[in-house]
Amino acid sequence: MAKILKKTKIIKVDADKCTGCRTCEIICSAFHATPRYSSNSPAKARIQIITDRLNDKWLPVFAGEYVPAECMGRTKYIIDGKEYDDCDFCRAACPSRDLFKEPDSGFPLKCDMCEDVPPQEEPMCVQWCINDVLIYEEIEEEVEEEEALQDIEAKVQLLIDKYGARDVVEKITRMTRDDYDEEVEQEEIEIRLRSLVDQYGLEYVRNIIARMTRGDHEEEAVREQEELEKKLHTLVDKYGLEFVMDKITRMTQKG
Ligand code: SF4
Ligand code: SF4
C-alpha cells in the first residue's frame, strides 16, 4: 500500500535542565480543569515528574495511551547508580497503578497536546516551563496508508457514534470554505477533526469521512423525515388538516 505524509507533534525533553519545580503539572491540570483554570491538582496532570531527590534528578514523563492489561514483563532502569521502579518511565495508564488516572473517577488521562479551538501556539507545559526543558516540534513522517486509514476511521467513528454523521459531515464541509473560521460550538468535533486535518490534510480526511458516512447520512435524513411525518400526523389528528395547512401557509408567507 502507498505511503502518505503525516504531521506529528512532539515534545522533546532536555531532562538535564529540569529543576523539579512542577509548574508543568500545575498548568496542565489547570488547563484541563472544568471550567478551565477553575482548579489545579498535579495528580490530575498529564505530565508527571519522576524524582531522585538525593541526586537532584527530575524527569518529566507524559501520559500515553490507556492499556487494558499490565505488561507481561518489567524493565529495570539503573541511572547514575540509582535503580528506578519498574514502571517509573512508562507512559501508559494501566490497571496495575494509579498514575495517569483521574483521581476521583479513575478514568485514564492522556496528553492531548493541549488541543484547543483556536489552537494554542504551543502546549501549555512548554509555554510555562521557564527552564526550556520542554521543546515543542512538529515533524513530518511517512506512514503506511493503511495505518493512517485505521487511525482516521477509528477517530471519526467515535465522533459519528457520539454526535451523528450529519454533524460530522457538516463540520468537515465548513472547514473547506474560504471564510471558515474556528468556532466553539460542538467543541469536541471541532478539536478532533482539526487535529486529523492538521495531521493528514483536509482533502484526505474529508474524502474518508465522505466514504464512511455516505450510507449513514442518507439513513439519518430518512429517519428525520419519518420523525417529521409522525409529528405532522399528530398535529393533524389533534387540530385537523385545514388548521395545520393554514398555519403552515401563514408561516411560509411570513418567512
Ligand atoms: S516546568 Fe520544566 S523545570 Fe519545572 S518540573 Fe516541569 S519540566 Fe521540570
Ligand atoms: S502538552 Fe498539554 S496535555 Fe500534554 S502534558 Fe503538556 S500541558 Fe498536559
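In this text, all values refer to a predicted model and were calculated from it rather than measured experimentally. For every chain, the first residue of its written sequence is number 1, and the numbers climb from 1 along that sequence. Starting at A for chains and at 1 for ligands, labels are handed out in the order in which the entities are written. Only residues with pLDDT of at least 70 are given local features in this predicted model, and only at 80 or more are side-chain atom pairs given and counted; all residues enter the totals for whole chains, interfaces and linings.

## Here we look at the overall build of the chain
Here's step 1: For helices the rule is a DSSP run of H or I covering at least 4 residues; for strands it is a run of E covering at least 2, with both sets numbered from the N terminus onward. Counting secondary structure elements, the chain contains 7 helices and 6 strands.
Here's step 2: Going from N to C terminus, the chain has its helices and strands arranged as β-α-β-β-β-β-α-β-α-α-α-α-α.
Here's step 3: The C-alpha atoms of the chain give a radius of gyration of 25 Å, which is well past the 18 Å a tight globule of 255 residues would have.
Here's step 4: Viewed in the frame of its principal axes, the chain has a C-alpha envelope of about 90 × 45 × 40 Å.
Here's step 5: Burial in this document is a count-based property: other C-beta atoms within 10 Å of a residue's C-beta are tallied, and the residue is buried at 20 or more, exposed at 12 or fewer, or partly exposed in between, with C-beta positions derived from the backbone. Burial analysis of the chain (255 residues in total) assigns 18% to the buried set.
Here's step 6: Working definition of a contact: two residues with C-beta atoms, positioned from the backbone, lying within 7 Å. Sequence-distant contacts, at least 24 apart, represent 67% of the contacts inside the chain between residues at least 6 apart. The reference for a compact globule is 2.2 Å times residues^0.38; the radius of gyration itself is calculated from the C-alpha atoms.

## Points about the site of ligand 1
Here's step 1: Taken together, 14 residues are adjacent to ligand 1, and Cys18, Cys21, Cys24, Cys129 and Val133 come closest.
Here's step 2: When residues of the shell around ligand 1 are traced back to their parent elements, those giving at least two are α1 (23-31) and β3 (57-62).
Here's step 3: Classification used: nonpolar for Ala, Val, Leu, Ile, Met, Phe, Trp, Tyr, Cys and Pro, charged for Asp, Glu, Lys and Arg, polar for all others including Gly. The residue inventory of the shell around ligand 1, partitioned by class, reads 9 nonpolar, 4 polar and 1 charged. All residues are tested the same way: a C-beta atom is placed from the backbone, and lying within 6 Å of a molecule or strand makes the residue near it.

## Considerations on the domain arrangement of the chain
Here's step 1: Per the domain assignment, the segments of the chain are domain 1 (19-130) and domain 2 (145-255).
Here's step 2: Domain 1 and domain 2 are separated by 36 Å when their C-alpha centres are compared.
Here's step 3: Residue-level contacts link 4 residues of domain 1 with 6 residues of domain 2.
Here's step 4: Of the residues assigned to the side of domain 1 that touches domain 2, the class counts are 2 nonpolar, no polar and 2 charged. Start and end positions for the domains come from either an automated domain assignment or a database one.

## A look at α1
Here's step 1: Taken together, the buried positions of α1 are occupied by Cys24, Glu25, Ile27, Cys28, Ser29 and Phe31.
Here's step 2: Those residues of α1 that are buried are in contact with β2 (47-52), β3, α2 (124-128) and β6 (134-144).

## Notes on the site of ligand 2
Here's step 1: Neighbouring ligand 2 are the residues Cys28, Phe31, Arg46, Ile47, Phe62, Cys111, Asp112, Met113, Cys114, Pro123, Met124 and Cys125.
Here's step 2: Looking at the shell around ligand 2, the elements that each hand over two or more residues are α1 and α2.
Here's step 3: Of the residues contributing to the shell around ligand 2, the split by class is 10 nonpolar, no polar and 2 charged.

## What about the packing of helix α3 (residues 145-163) against helix α5 (residues 187-200)?
Here's step 1: Viewed as axis vectors pointing N to C, α3 and α5 meet at an angle of 165 degrees, and their least axial separation amounts to 11 Å. By the criterion of interaxial angle, the relationship of α3 to α5 is roughly antiparallel. At the point where α3 passes α5, the crossing takes the left-handed sense. For the pair α3 and α5, the contacting residues are Ala148, Ile152, Lys155, Leu159 and Tyr163 in the first and Ile189, Arg192, Leu196 and Tyr200 in the second. Think of each axis as a best-fit line through the C-alpha atoms, taken over the contacting stretch in the case of a helix, with angles from 0 to 180 degrees between the N-to-C directions. Relative orientations are named as follows: roughly parallel for angles under 35 degrees, roughly antiparallel for angles over 145 degrees, roughly perpendicular for angles from 65 to 115 degrees, and oblique for any other angle. Handedness of each helix crossing follows the sense of rotation of the near helix against the far helix: counterclockwise by less than a right angle gives left-handed, clockwise gives right-handed.

## Let's talk about the nonpolar core
Here's step 1: Each nonpolar core consists of buried Ala, Val, Leu, Ile, Met, Phe, Trp, Tyr and Cys residues. Their C-beta atoms, within 7 Å, join them into a set. With 22 residues, the main nonpolar core has Cys24, Cys28, Ile47, Cys125 and Leu134 as its most contacted residues.
Here's step 2: Broken down by element, the residue count for this core peaks at 4 residues, all from α1.
Here's step 3: Excluding its chain neighbours within four sequence positions, the residues that come into contact with Cys28 are Ala45, Arg46, Ile47, Met124 and Cys125.
Here's step 4: With 13 residues, the next largest nonpolar core counts Val156, Val168, Val169 and Ile172 among its residues.

## A closer look at unusual backbone geometry
Here's step 1: At the junction of Thr34 and Pro35, the peptide bond is cis and its omega measures out at -10 degrees in the coordinates.
Here's step 2: Inspection of the secondary structure puts Pro35 in the loop between α1 and β2.
Here's step 3: The linkage connecting Val117 with the following residue, Pro118, adopts the cis geometry, with an omega of -10 degrees.
Here's step 4: When you line up the elements, Pro118 lands in the loop between β5 (82-84) and α2.
Here's step 5: One non-glycine residue, Asp56, adopts positive backbone phi at about 55 degrees.
Here's step 6: Following the sequence through the fold, Asp56 ends up in the loop between β2 and β3.
Here's step 7: Even without a glycine there, the phi angle at Met113 is positive, about 60 degrees.
Here's step 8: Here Met113 is to be found in the loop between β5 and α2.

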